[in-house]
Amino acid sequence: MRCVSERFDFTGDELAPAYRAAVDAIEAGDLVVLPTDTVYGIAADAFKADAVQRLLDAKGRGRDMPPPVLISVVESLDALATDVPDDGRTLCQEFWPGPLTVICHAQTSLMWDLGETQGTVALRVPDHENTRELLSRTGPLAVSSANKSGRPAALDVYDAEEQLEDTVAVYLDGGTATGGQPSTIVDITGDTPHVVRLGALSLEQLRAVVPGVTSYLDDDKPDEEPEEKQDEEPEAKADEPEAKADEPEATPDETDEKPTEEPVAASNEQDDKPPSPAKDDEKPSEPDDVRPAT
């Protein structure tokens, strides 16, 4: 859907017009481009299926690559996710707000349709004060990197406008994104947190908090050679995943490649494919940023 786009300053103290325009656009089912601590993201109401589809269409993505969801506070984790293991919760408490996206089992009572999520949802609390304030007013937002699929994530509002044009109703200009790297994505649907994409957070930083964190890099290590061949050079692996530079989730969503073939697909910002939550019946109330069902 094409619309008349508006751009608002999202810096300084006079933010009322920007908040008002963004909230109105989200409530109308329109799209908003906003800054995060990693890259710029394109946002839609997570509980409006048509708005989420509009987001996917604007990026040129299919339902097999559902967007992650941004929330304003760590306390919202349990309103949207279930069966969160202790180690996964520890990572969230340590690195939120920040460039950590976690793939969780979605609450089965949630009334949303993010795409083919396989009963999961990718969640993140961005380390951007103004964007968190917006999230506290709108509730959870489906957010992908602000770019066309296959192109780098936007690092400023002008690049986002050039790529997304009038598919977006409101552009929030927060200056140049200071992060530039996508979030690190960790699958916490099992007992042991497993990194499926490395980004702004390193494996060392994660293991300093939860030593047992595993990684796709561990998966790609070649089997130990027999003793007589230990000095030989190991063969290069053709399928080794690349680290992406979007969301946004490039965004942190933040490009459109899948970093590795995981049983559970990852999302957020750079167009990595997060596992998908199943659509159910009712939308629970949630502290701060989940609105009651209508």
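Rules behind the numbers
- Along each chain, numbering runs from 1 in the same order as the chain's sequence is written.
- Whole-chain, interface and lining totals are the exception, using all residues; otherwise, since this is a predicted model, local features are given only for residues with pLDDT of at least 70 and side-chain atom pairs are given and counted only at 80 or more.
- Excluding hydrogens and water, the side-chain figures rest on all heavy atoms present in the structure.
- Buried Ala, Val, Leu, Ile, Met, Phe, Trp, Tyr and Cys residues that are joined via side-chain atoms within 4.5 Å together make up what is termed a nonpolar core.
- Each residue is assigned to one of three classes by its accessible area relative to the maximum for its type, calculated with a 1.4 Å probe on protein chains only: buried under 20%, partly exposed between the two thresholds, exposed over 50%.
- Strands here are runs of E lasting at least two residues and helices are runs of H or I lasting at least four, both read from the DSSP assignment and numbered beginning at the N terminus.
- Note on contacts: a residue pair is in contact if any heavy atoms of the two residues lie within 4.5 Å.
- Simply put, an axis is a line fit to the C-alpha atoms, just over the touching stretch for a helix, and the angle between two N-to-C directions goes from 0 to 180 degrees.
- We call two directions roughly parallel when the angle between them is under 35 degrees, roughly antiparallel when it is over 145, roughly perpendicular when it lies between 65 and 115, and oblique otherwise.
- By the definition used in this description, the sense in which the near helix is turned from the far one sets the handedness, with an anticlockwise turn below a right angle giving left-handed and a clockwise turn giving right-handed.
- By definition, the arc is the one covered by directions from the helix axis to the C-beta atoms.
- Here, a salt bridge means any Lys or Arg side-chain nitrogen found within 4 Å of an Asp or Glu carboxyl oxygen.
- Residues adjacent in sequence count toward polar contacts only when both atoms are side-chain atoms; beyond that, a polar contact is any pair of N or O atoms within 3.5 Å, and within protein one must be able to donate a hydrogen and the other to accept it.
- Any two strands between which DSSP finds at least two bridges are classified as paired.

Visitor: Explain the nonpolar core to me, and be specific about the residues and the numbers.
Guide: Residues V69, W96, L100, W112, L123 and L206 are the most contacted members of the largest nonpolar core, which totals 34 residues. When residues of this core are traced back to their parent elements, those giving at least two are α3 (77-80), α4 (86-95), β6 (100-106), β7 (120-124) and α7 (203-209). Looking at which element gives the most residues to this core, the answer is β6, with 4 residues. Here L100 is in contact with L91, C92, F95, L123, R124, S183, T184, V186, L201 and L206, once residues within four sequence places are set aside. By size, the runner-up hydrophobic cluster in this structure holds 21 residues, among which are F10, Y19, A21 and I26.

Visitor: How would you explain the packing of helix α1 (residues 16-27) against helix α5 (residues 129-138) if you had to name every residue and give the values?
Guide: Two numbers describe how α1 lies on α5: the axes approach to 10 Å, and their chain directions differ by 45°. When the axis of α1 is compared with that of α5, the two are oblique. The two elements α1 and α5 meet at a crossing, and its hand is right-handed. Residues Y19, A22, V23 and I26 of α1 touch α5, and the partners they reach there are N130, E133, L134, R137 and T138.

Visitor: For α5, give the residues involved together with the corresponding values.
Guide: Turning to α5, its buried residues number three or more, namely N130, T131, L134, L135 and T138. All buried residues of α5 fall inside an arc of 145° around its axis, so they share one side. Elements in contact with the buried residues of α5: α1, β2 (32-34), β4 (69-70), β8 (141-145) and β9 (170-173). At the exit of α5 stands G139, carrying a positive phi of roughly 90°.

Visitor: Can you lay out the pattern of salt bridges for me, pointing to particular residues and giving the numbers?
Guide: Applying the stated criterion to the full structure yields 9 salt bridges. Across the pair D45 and K48 runs a salt bridge, and its minimum N-O distance is 3.0 Å. In this structure D45 comes out as buried when scored by relative accessible area, which is 1%.

Visitor: Before we move on, can you summarise the side chain of T38 with the specific residues and values?
Guide: Note on placement: T38 falls in the loop between β2 and β3 (41-45). Separated by 3.4 Å, the side chains of T38 and R124 make a polar contact.

Visitor: Which residues make up the pairing of β7, and what are the values?
Guide: Along β7, 5 of the 5 residues are buried, which leaves the element largely enclosed by surrounding structure. Side chains T120, A122 and R124 project from β7 onto one buried face, and the interleaved V121 and L123 project onto a second face that is buried too. Pairing geometry for β4 and β7, over 2 bridges, is parallel. For V69, the partnering residue across the bridge sits in β7 and is L123. Strand direction decides the pairing type here: β6 and β7, joined by 4 bridges, are antiparallel. When the bridges of β7 are listed, V102 appears paired with L123.

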